[in-house]
Amino acid sequence: MAAVKPDFVPRMEGLDALRGFALFGLFIVHMPELFELYWAHPVTDPTQLLWHDTIFTIFAGKAFALLALCFGVSFFIIMDRSAKRGQDFSVRFVWRLVVLGVIGLLHGLWYRGDILEVLAVMGLFIIPFYRLKSNGLVLAIGTFFLLQPWMIFQLVNALNGAEWANKPFGFWSGTIPEAYLTGKSFMETVRMNWVDGHPFKWLFMLESGRVSQILGLSLIGMALGRIDFFGQPDKFVRTRIISFLIAAVLAVVLFFQKDKLSGLMPDTVAMARPLWSSMVASWFDLSVMFTLMMGFLVLYFSFAHKVLNLLAPAGRMTLTLYILQSIVFVPVFYSFGLGLHATMSQSTAVLIGLAAFAVQVVFAHLWFKAFLYGPLEWVWRAATYLTLKVPFLRK
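All values reported here derive from a predicted model rather than from experimental measurement.

Criteria and thresholds
- All chains use their own residue numbering, which begins from 1 and follows the written sequence.
- Residues qualify for local features only when their pLDDT is at least 70, as the model is predicted, and side-chain atom pairs are given and counted only at 80 or more; totals for whole chains, interfaces and linings, by contrast, use all residues.
- As a rule here, side-chain values come from all non-hydrogen atoms in the structure, and water together with hydrogens is ignored.
- Only Phe, Tyr and Trp rings are paired, with Trp represented by its six-membered ring, and only when their centres lie within 6.5 Å; those with planes under 30 degrees apart are stacked, over 60 edge-to-face, the remainder tilted.
- Comment: elements are numbered from the N terminus, with helices defined as DSSP H or I runs of at least four residues and strands as E runs of at least two.
- The buried label applies to any residue whose accessible area, calculated with a 1.4 Å probe on protein chains only, is under 20% of its type's maximum; exposed applies above 50%, and partly exposed to all values in between.
- Working rule: Lys NZ or Arg CZ, within 6 Å of ring centre, within 35 degrees of ring normal, means a charge sits over the ring.
- Two N or O atoms form a polar contact when they lie within 3.5 Å of each other; inside protein one atom must be a possible hydrogen donor and the other a possible acceptor, and for residues adjacent in sequence the pair counts only when both atoms belong to side chains.
- For this analysis, residues touch if any pair of their heavy atoms sits within 4.5 Å.
- By definition here, a salt bridge exists when the distance from a side-chain nitrogen of Lys or Arg to a carboxyl oxygen of Asp or Glu is within 4 Å.
- Think of each axis as a best-fit line through the C-alpha atoms, taken over the contacting stretch in the case of a helix, with angles from 0 to 180 degrees between the N-to-C directions.
- By the definition adopted for this analysis, an angle is roughly parallel if under 35 degrees, roughly antiparallel if over 145, roughly perpendicular if from 65 to 115, and oblique otherwise.
- Classification convention: Asp, Glu, Lys, Arg as charged; Ala, Val, Leu, Ile, Met, Phe, Trp, Tyr, Cys, Pro as nonpolar; all other residues, Gly among them, as polar.
- Crossing handedness is defined as follows: a turn of the near helix away from the far one that is anticlockwise and smaller than a right angle gives a left-handed crossing, while the clockwise case is right-handed.

1. What to know about the packing of aromatic side chains
Taken as a whole and judged by the stated rule, the model has 37 aromatic pairs. Relative to Tyr300, the ring of Phe296 has its centre 6.1 Å away and its plane inclined at 15°; by these criteria the two rings are stacked. One end of the pair is Phe296 and the other is Tyr300, both in helix H12 (residues 272–300) and four residues apart, which spans about a single turn. For Phe296, a relative accessible area of 5% corresponds to the buried category. With relative accessibility at 2%, the residue Tyr300 sits in the buried group. Here the aromatic residues Phe21, Phe24, Phe59, Phe296, Tyr300, Phe301 and Phe357 are joined through ring pairs into a cluster of three or more. The ring of Phe64 is capped by Arg210, whose NZ or CZ atom sits 4.9 Å from the centre of that ring.

2. Describing the side chain of Asp114
Along the chain, Asp114 turns up in the loop between helix H4 (90–110) and helix H5 (116–126). Judged by relative accessible area, Asp114 falls into the buried class, the value being 0%. Of the polar contacts made by the side chain of Asp114, one reaches the side chain of His107; its length is 2.8 Å. Engagement of the side chain of Asp114 in a polar contact is seen with the backbone nitrogen of Leu116, the distance being 3.2 Å. Not counting residues up to four positions away in its chain, the partners in contact with Asp114 are Gly104, His107, Gly108, Lys201 and Tyr322.

3. A short note on the side chain of His30
You can see His30 is positioned in helix H1 (residues 13–30). By relative accessible area, which is 7% here, His30 ends up buried. Excluding anything up to four places from it in sequence, His30 contacts Phe35, Tyr111 and Tyr322.

4. Some points on the pattern of salt bridges
Pairs may arise between side chains of opposite charge once their charged atoms sit close together. Under the criterion given, the structure shown has nine salt bridges. Asp285 is paired through a salt bridge with Lys62; the nearest N and O atoms lie 3.0 Å apart. In this pair, Asp285 sits in helix H12 while Lys62 sits in the loop between helix H2 (46–59) and helix H3 (63–84), placing the two residues 223 residues apart along the sequence. Like Lys62, Asp285 is buried. A cluster of three or more residues bridged by salt bridges with shared partners is formed by Glu36, Arg112 and Asp196.

5. Overview of the packing of H2 against H12
Interhelical geometry of H2 versus H12 gives an angle of 80° and a closest axis separation of 8 Å. The angle between H2 and H12 falls in the class roughly perpendicular. In this structure, H2 contributes Thr57, Ile58 and Phe59 to the contact, and H12 contributes Phe284, Val288 and Leu292. Of the residues contributing to the contact of H2 with H12, the split by class is five nonpolar, one polar and no charged.

6. Topic: the packing of helix H10 (residues 210–226) against H12
The N-to-C vectors of H10 and H12 enclose an angle of 30°; their axes lie 12 Å apart at closest approach. Here H12 runs roughly parallel to H10, going by the angle between their axes. Regarding H10 and H12, the two cross each other, and that crossing is right-handed. Two secondary-structure elements touch here, H10 through Gln213, Leu217 and Leu224 and H12 through Ser282, Leu286, Met289, Phe290 and Met293. In the contact of H10 with H12, the residues fall into six nonpolar, two polar and no charged.

Given below as structure tokens:
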């Protein structure tokens, strides 16, 4: 890798604010999910169930998807800035993903639901698409992956009676390891995160279609970066409004019709309906994600700019805050710590999450008064360029 001077570059605050919003959505799902321990004892109380269902309907599967799209935008920005300096960043970007993957692997020992490793692996697949000149082709390929091509292939084979296609999803048989619930040893939790949690995460990502979704959204994000969707917001006022309206209508239709749509597949074929239902659920999540994204941007680039821009510093240190969230709250819920997974209500978890994220936003604002990067963002950048000469303190 040729030497590259790692200068500090100005930020696109609209993209940072959107990333901060995605981080909020991810955290506010993790809290009532009790960092994955909710599934050991789902709530039945109607009031608490309402809290749970509301948060999950709005953000579960949507915030994660939004982060994947932002990842694609950032990929293009990094590659494009290097290209404008006459440098090919491809090899160094592969190394950057390796570093992110290592961070994700280490984080996964603490919390099995880590997504950094998944983003790092999937990031490798978007690099070749950077060479494509046609934005339309990139968008078409991205949309193709959002349609869940592998699930469609499996569904066709399931309807035709193929034995392999009619095997139940492997993640259906997944359980919460007892070490998380009653074990008192931290090392026991670490071992289970690697032995059980790590393969289970990838099994879920593959079978649920998340892998295809991440690739599709990353490519769409790359296309948005190419047209400077965030750098020249005045050019896309109508695009944002029209996209918001289309996505919102589609989300409402899918929300009220998803059960009827699921019933279109016969339940006499073992996996026909589950596969089709998974696809419909994936498309519903995407429609809500685009509704949230475009709605946020419509407000951000209009009268709500000052309020929503408060999220921009959090978006600039997403890596740090994402890991910090699990460092603080995994011990709150897991048995090696306070073990509150069995006693904390959904409403309490959400309210604590709101307060904790507010503290993180304040922390981010104070941090950037003195520093140019978040602490882990600086480490990631320094490791990417293999130098400690990355500027850190704000002069």
